[in-house]
Amino acid sequence: MTSSLELYAQGLMGVYELKKIELFRDVFVWAYDRSAQRYAAIRQSIGEPDVFRLKYREEIRALVRQVIAEGMYVAAANKLIKTHEENIPQTDRTRFTEVVETELLSLHDGNFARYGVRPSEFNNWKQLWDKK
């Protein structure tokens, strides 16, 4: 079986040496079709984006970052969230609080960097947070 890299090389040689684009075109169409199928499968497995999280992503990120950077305990974090909740429309407040709390509870060594905090800040905060 010929690999896609070998087919690509053969297609390029056909263009440069024989001035024929047919094989290169076929390889390109095949690769494009394969990529489109992979994209469709991945897109389907991921599902639709959470519109609510997209709408408030900056506010969520800022709050989580502040809780970590300031080394807040659970009680202090809840107080901060309630204070910040006043800037959110009444209909979204409950969900906003749930999302921020979920983000805080699901933080671990593999995902804290998305909030722009240093590893030392995260580790210090995590020790405090786990004591509750």
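Residues numbered from 1 in each chain as written. Predicted model: local features only at pLDDT ≥ 70, side-chain atom pairs only at ≥ 80, totals over all residues. Heavy atoms only, no water.

Asks: Sorry if this is basic, but what is going on with the packing of helix 5 (residues 74-85) against helix 6 (residues 93-105) here?
Replies: Between two packed helices, both the angle of their axes relative to each other and the distance between the axes serve to describe the pair. Here helix 5 crosses helix 6 at 145°, and the two axes come no closer than 10 Å. The element helix 5 and its partner helix 6 pack so that their crossing is right-handed. Packed against helix 5, whose contacting residues are Ala 77, Asn 78, Ile 81, Lys 82, His 84 and Glu 85, the element helix 6 presents Arg 93, Phe 96, Thr 97, Val 100, Glu 101 and Leu 104 at the interface. (Axes fitted to C-alpha atoms, helices over the stretch in contact; angles between N-to-C directions. Helix = DSSP H or I, 4+ residues; strand = E, 2+ residues; numbered from the N terminus. Left-handed = near helix turned anticlockwise from the far one by under 90°. Contact = heavy atoms within 4.5 Å.)

Asks: It is not clear to me how helix 5 should be interpreted in this structure. Could you clarify?
Replies: It helps to recall that an α-helix has 3.6 residues per turn; residues three or four apart then point in one direction. Compared with the 16 Å implied by 1.5 Å per residue over 12 residues, the 16 Å span of helix 5 between its first and last C-alpha is a close match. What helix 5 keeps buried is the set Ala 77, Leu 80, Ile 81 and Glu 85. In an axial view of helix 5, the angular spread of the buried residues amounts to 140°, which keeps them on one side of the axis. Among the exposed residues of helix 5, those pointing more than 90 degrees away from its buried face are Ala 75 and Lys 79. Looking at the buried side of helix 5, the elements it contacts are helix 4 (57-69), helix 6 and helix 7 (119-131). (Expected span 1.5 Å × (residues − 1). Buried < 20%, exposed > 50% of the residue type's maximum accessible area, 1.4 Å probe, protein only. Arc of directions from axis to C-beta.)

Asks: Can you walk me through the environment of Ala 31 in this structure?
Replies: Here Ala 31 shows up in helix 2 (residues 22-46). Here Ala 31 falls in the partly exposed class, since its relative accessible area comes to 27%. Residues Ala 31 and Tyr 8 lie 23 residues apart in sequence; the distance between their C-alpha atoms is 9.5 Å.

Asks: For this particular structure, what's the right way to read a nonpolar patch on the surface?
Replies: The grouping of Phe 28, Val 29 and Tyr 32 at the surface amounts to a nonpolar patch, some 370 Å² of accessible area in total. Its location among the elements puts Tyr 32 in helix 2. Judged by relative accessible area, which is 60%, Tyr 32 ranks as exposed. (Patch = residues over 30% accessible without salt bridge, like charges linked within 9 Å, V, L, I, M, F, W, Y side chains within 5 Å. Areas by Shrake-Rupley, 256 points an atom, 1.4 Å probe, with all protein chains shown as cover. Salt bridge = Lys/Arg side-chain N within 4 Å of Asp/Glu carboxyl O.)

Asks: Honestly, the packing of aromatic side chains in this entry has me stumped. Any pointers?
Replies: The geometry of an aromatic ring pair comes down to the distance between the two centres and the angle between the two planes. Using the criterion set out here, one finds 6 aromatic pairs in the structure. Taken together, a centroid distance of 4.9 Å and an interplanar angle of 55° make the contact between Phe 52 and Tyr 56 tilted. Judged by its relative accessible area of 4%, Tyr 56 falls in the buried class. Consider the rings of Tyr 56 and Phe 96, whose centres lie 5.8 Å apart with planes at 75°: the pair is edge-to-face. Remark: Phe 96 occurs in helix 6 and Tyr 56 occurs in the loop between helix 3 (51-55) and helix 4; sequence separation between them is 40 residues. You'll find Tyr 56 and Phe 96 in the same group, each marked buried. Put simply, the rings of Phe 112, Phe 122, Trp 125 and Trp 129 pair up and form one aromatic cluster. (Phe/Tyr/Trp six-rings, centres within 6.5 Å; stacked < 30°, edge-to-face > 60°.)

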